[in-house]
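Listed here are the chains, written in short residue letters.
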Amino acid sequence: MEYLKFSLVFLSFFLFWNIFRNKSGTPTNWPLVGMLLPLLRNVNRIHDWVSEILETSQLSFLFKGPWFTNMEMLVTVDPANIHHIMTKNFSNYAKGTKFNEIFDVMGDGIFNVDFDLWKYHRSMAHTFIGHPQFRHFLVVKIQEKVEKGLIPVLDHAANERLVVDLQDIFARFTFDNICTLVMGHDVGSLSIDWPHVPFSKALDDVEEVILYRHIVPMSVWKVLRWFRIGKERKYKRAWEILDEFIYKCIAKKRAELGKNEVVGVDLLTLYMDKSQNVNVKDASDKFLRDTILSYFIAGRDTTSLALSWFFYLLIKNPRVVSKIRDELEKKMTKIDDFNNLVYLHGALCEALRLYPPVVFQAKGPTKPDTLPSGHEVNPNMQIIFSMYAMARMKSIWGNDCYEFKPERWISESGKIIHEPSYKFLVFNAGPRTCLGKDMAFTQMKVVAATIVKNYEFQALEGHLVVPDISIMLRMKYGLKVQVFKS
Ligand code: HEM
């Protein structure tokens, strides 16, 4: 009895101490469940919730999961920490084994590996994405897709006065585009028949479940995975669909190569074609599957979501639309002039800042370290950077950080201001910086210039635009608009 009383007094003291000492706005660390309850309560608005905590906790806070789950994460948006982890002390910070397990669907693709295997992937990807023939192929194919896919679909929507989901249109556009660039075949998902695309749906599903795997303790989701129930069942099914599609593409390409029918410079051909003289050590189906899946993930969602949020912001900011139109009239006489569009570039950077398609990043230290913010980190911890929250920190972007201001990116002399990547982390920083940044800007500028010049969008009244729960910043209900020709 005495023991029970003592335990109750101790527990009450512990609870009150935890609640009252917590002035910073970090969630209360409850006995047994740690910070899991406030996290679950806020899961539907997780990105805003994390932003609010970081604003009141000097840009970093320690998240503790339930006791005995070994779930400890330092969430940080402190540029000094990011610079330290991503660049200065890069060799100590891997994606880590937790990341590898959570993202298991990606296999040994570039996003999911570290050290020598990553270096190998990186040098291959660098060579092929930068290949002069591939770059030319890329620009030609983007323009072709705009003319033969995007314009006919938008014209149809305008003529028929249809309500369309712009997010879906951009996802189809980038999916067709990345299929062409990776495999040399356009799958034709962007058409007025709106064909069902199981592969795209499967990618959405794995990205959603991956976010849940960050929230639910590892031991719990592993049990669900073992029994193939709940979200893990959805994940497994999606994985099967992805594999089926990719292995078919590889088999088709092998057959074409065998018959010497291949003429393209798509990425799969470059990886398989021995005459390219590039040292691809492993061209097994599994290696190619992991490589290609990474390209699909990198190339489909990122650019399509960037375009979706960009047009969402334009609909709310007609002033910016007029300024882009002025610039297009003055500076764009032919399609190749998109590189001179400074204001459009600034507007795209500003949309990416506020709505980063890859919403957060994870790292794991290989050895204990002390971060510039003073936080001690060790190999049992994960470090999470929230790019969404970073844009909303007054101490980083100023008091107007919530505003959509393309001018933020343009100097007095009319040139683009290049912010350091540890402040503008949207394309990552340091040796693992995104390899598709130029490709993405080319795609976004061609699409944005074509649309702003020729169409106007009106948002559907009452339509709610909120981020979904996913590792990508997808709009939960899409972006429903009416299209008008201008
Ligand atoms: C707006 C568009 C894009 C954004 C915001 C973006 C963002 C990012 C981010 C945040 C990473 C780091 C991911 C991580 O390490 O977990 C990354 C890496 C990468 N991105 Fe992009 N990306 C975009 C478009 C593209 C495109 C079109 C491609 C080409 C297919 C591409 C290829 C890659 C590759 C290969 C990496 C891996 C780099 C490495 O680990 O060394 N990205 N990107």
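Because the structure is a prediction, the values reported are computed rather than measured. (Residues numbered from 1 in each chain as written. Predicted model: local features only at pLDDT ≥ 70, side-chain atom pairs only at ≥ 80, totals over all residues. Heavy atoms only, no water.)

Some points on the coordination of the iron atom of the ligand
- Looking at the iron atom of the ligand, one finds just one donor atom contributed by the protein, Cys434 (SG), at 2.3 Å.
- Assignment of secondary structure puts Cys434 in the loop between helix 17 (394-397) and helix 18 (437-454). (Donors = N, O, S within 2.8 Å, 3.2 Å for Na, K, Ca; no water. Helix = DSSP H or I, 4+ residues; strand = E, 2+ residues; numbered from the N terminus.)

Remarks on helix 3 (residues 46-56)
- Every buried residue of helix 3 is listed here: Ile46, His47, Trp49, Val50, Ser51, Ile53 and Leu54.
- Those residues of helix 3 hidden inside the fold are in contact with helix 2 (36-41), strand 1 (60-64), strand 2 (72-76), helix 9 (198-215), strand 8 (382-386) and helix 16 (387-391).
- Downstream of helix 3 by one or two residues, Gln58 has phi in the positive range, about 50 degrees. (Buried < 20%, exposed > 50% of the residue type's maximum accessible area, 1.4 Å probe, protein only. Contact = heavy atoms within 4.5 Å.)

Digging into the sheet that holds strand 3 (residues 93-94)
- What the five strands build is an open sheet, ordered 1-2-8-5-3; its pairing is mixed. Edge positions in the sheet fall to strand 1 and strand 3, since each has one partner strand and no second.
- Note that strand 5 (residues 360-365) and strand 8 share four bridges and pair antiparallel. Bridge assignment links Gln361 to a residue of strand 8, and that residue is Phe385. (Pairing = 2+ DSSP bridges.)

With respect to the pattern of salt bridges
- For the structure shown, the criterion picks out 37 salt bridges.
- For Arg237, the salt bridge is made with Glu240, and the minimal N-O distance between the two is 3.1 Å. Here the residue Arg237 and the residue Glu240 both occupy positions in helix 11 (residues 231-258), the gap between them amounting to three residues, near one helical turn.
- Take Glu240: its relative accessible area is 33%, and that puts it in the partly exposed class.
- For Lys423, the salt bridge is made with Glu419, and the minimal N-O distance between the two is 3.3 Å.
- Here Lys423 falls in the buried class, since its relative accessible area comes to 19%.
- Among the charged side chains, a network of salt bridges with common partners joins Asp204, Glu207, Arg300, Asp301 and Arg474. (Salt bridge = Lys/Arg side-chain N within 4 Å of Asp/Glu carboxyl O.)

A word on the environment of Ile169
- Tracing the chain through its elements places Ile169 in helix 8 (residues 166-183).
- Residue class for Ile169 comes out buried when judged on its relative accessible area of 1%.
- Separated by 239 residues in sequence, Ile169 and Arg408 place their C-alpha atoms 29 Å apart.
- Non-local contacts of Ile169, meaning those with residues more than four positions away in its chain, are made with Leu150, Val153, Leu154, Val164, Leu190 and Trp194.

Digging into the packing of aromatic side chains
- Scanning all chains against the criterion turns up 24 aromatic pairs.
- Ring geometry for Phe175 and Phe296: centres 6.1 Å apart, planes at 40 degrees, overall tilted. With Phe175 in helix 8 and Phe296 in helix 13 (residues 285-316), the pair connects residues that are 121 residues apart, well separated along the chain. Like Phe175, the residue Phe296 is buried in the burial classification. (Phe/Tyr/Trp six-rings, centres within 6.5 Å; stacked < 30°, edge-to-face > 60°.)

A few points about helix 11
- Taking 1.5 Å per residue, 28 residues should reach 40 Å; helix 11 reaches 41 Å between its end C-alpha atoms and fits that length.
- All of the buried residues in helix 11 are Glu232, Tyr235, Ala238, Leu242, Asp243, Ile246, Cys249, Ile250, Lys253 and Glu256.
- Where helix 11 is buried, its residues meet helix 5 (96-102), helix 8, helix 9, helix 10 (218-227), helix 12 (267-272) and helix 13.
- In the stretch just after helix 11, Asn260 is the one whose phi turns positive, near 60 degrees. (Expected span 1.5 Å × (residues − 1).)

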